[in-house]
Amino acid sequence: MQLTMNQHKRWSGLVLTLLITHFSFLIGAASAQGLKDAIGKYCLIGAAVNQWQSDGQVPEADAVLDKHFNCAVAENCMKPESLAPAEGIFDFRTADKFVSYCQQHNLKIIGHCLVWHSQAPDWWFTNGYTASPASKEVLKERLIKHIKTVVGHYKGQVHGWDVVNEAINDDGSFRNSPYYRLLGEEFIEIAFRTAHEADPDAELYYNDYSMAGAMKREAVCRLVRNLKAKGLRIDGVGMQSHNGLDYPDLDEYEKSIDAFAACGVKVMMTELDVNVLPNPEGFGGADIAQNFELQKRYNPYTEGLTAAKQKELDARWMDLFKIYYKHRDQIGRINLWGISDGGSWLNGWPIKGRINYPLLFDRQYKEKPIVNEIINLYK
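Note that the coordinates shown come from a computational prediction; the quantities given were computed from them, not determined experimentally.

Caption draft 1: Region of the structure containing the nonpolar core. Within the largest apolar cluster, 103 residues are counted, with the highest numbers of intra-cluster contacts made by Trp-161, Tyr-324 and Ile-334. Not counting residues within four places of it along the chain, the set of residues in contact with Ile-334 comprises Ile-39, Cys-43, Leu-44, Ile-45, Gly-46, Met-269, Leu-272, Phe-321, Tyr-324 and Tyr-378. Formed by 9 residues, the second largest nonpolar core is a distinct cluster that contains Val-73, Met-268, Trp-345 and Trp-349.

If you want it as structure tokens, here you go:
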């Protein structure tokens, strides 16, 4: 059948309309999908939530969490200094709000953290109100009481706990913290045993930074094997993943994923972000005690990232998520350390007053274009 010129134009217009409609549908479907729809088929995907967000003061955060995440970790309100302001006194008010918030938004709850040398209350390591250090017996008693009380309070509500945080140095030795000085490495065994007794159904994790380093990798594997050999429960190892544009070495990063998985535990990327700013000389790891003077050269993007730097950052995100996708059978959780750029700790650490862009959502809580690329990767 031969078409007239007018018929040909009408058919061409119809086909064009159908194509536009089809592609509009595909684009709309992609934008309607969240990270949890794609990544959630393989593992938990979450974010750290701060007090203002869990108190319900940031509706933009609610929308991001509802669309993109299926778990959340408390950024600060479950740390010992927040829960135990004085000996014998526990204050669960803020943490209870966080737990209630997660339940309202259908988010699995990750408790962070039970034992850490930082952000512990001042009284914890001292003998009463004096300046003398607590004895081994007193610290052990306090450690057990804290874990029993906190984990018991949230029994059946918390999916998993970061039981011990940052106990190993980059060279593989144990950190010379007050816990280690008084109790030796036994404090780690005490913590995992007590947490399991307080809630037998909760998953238990060891969490640390700079986990791509070979010496730390070997030390953490040794720790996991020792705990398992003693019959203690440990479900996962958290690789904090405070990454930068040129660190860590991604080959070594992958080696750590394989090594921890080979120990028979889940691997988790627990505090994921990407620092886009230049680092001062001497900076390294994620020790919160680091503090450097603010200088203009360390804060170059006060008006936003350049197109070239944004492209470099996007490429880094994709390199990381390609690794996570490749190891999807070994990874149990991917957890961003914060929701939006404006709320990231990297605006104030290791230099206060900087403007950083380390997360997947901007200062207005809008998803960056890279989010859809990550979703497409997992389709």
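Caption draft 2: How the structure looks around the packing of aromatic side chains. With the rule as written, the count across this model stands at 14 aromatic pairs. Aromatic pair Tyr-325 and Tyr-378: ring centres 5.1 Å apart, planes at 85 degrees, arrangement edge-to-face. Taken together, the residues span a long stretch of sequence, with Tyr-325 in helix H12 (residues 307-326) and Tyr-378 in helix H13 (residues 370-378) at a distance of 53 residues. By relative accessible area, which is 1% here, Tyr-378 ends up buried.

Caption draft 3: Summary view of the pattern of salt bridges. Taken as a whole and judged by the stated rule, the model has 14 salt bridges. Arg-93 is the partner of Asp-91 in a salt bridge, and the nearest nitrogen-oxygen pair spans 2.8 Å. In this structure Arg-93 comes out as exposed when scored by relative accessible area, which is 63%.

Caption draft 4: Looking closely at helix H11 (residues 250-262). Counted at 1.5 Å a residue, the expected span for H11 with its 13 residues is 18 Å, and the 18 Å between its end C-alpha atoms agrees. If you check which residues of H11 are buried, you get Leu-250, Tyr-253, Glu-254, Ser-256, Ile-257, Ala-259 and Phe-260. The elements touched by buried residues of H11 are helix H10 (214-229), strand S6 (236-239), strand S7 (242-244), strand S8 (266-275) and H12. Capping the start of H11 is the job of one residue whose side-chain oxygen sits 2.9 Å from the backbone nitrogen of Asp-251: Asp-249.

Calculation criteria
Residues numbered from 1 in each chain as written. Predicted model: local features only at pLDDT ≥ 70, side-chain atom pairs only at ≥ 80, totals over all residues. Heavy atoms only, no water. Core = buried A, V, L, I, M, F, W, Y, C linked by side-chain atoms within 4.5 Å. Buried < 20%, exposed > 50% of the residue type's maximum accessible area, 1.4 Å probe, protein only. Contact = heavy atoms within 4.5 Å. Phe/Tyr/Trp six-rings, centres within 6.5 Å; stacked < 30°, edge-to-face > 60°. Helix = DSSP H or I, 4+ residues; strand = E, 2+ residues; numbered from the N terminus. Salt bridge = Lys/Arg side-chain N within 4 Å of Asp/Glu carboxyl O. Expected span 1.5 Å × (residues − 1). Polar contact = N/O pair within 3.5 Å; in protein donor to acceptor, adjacent residues only side chain to side chain.

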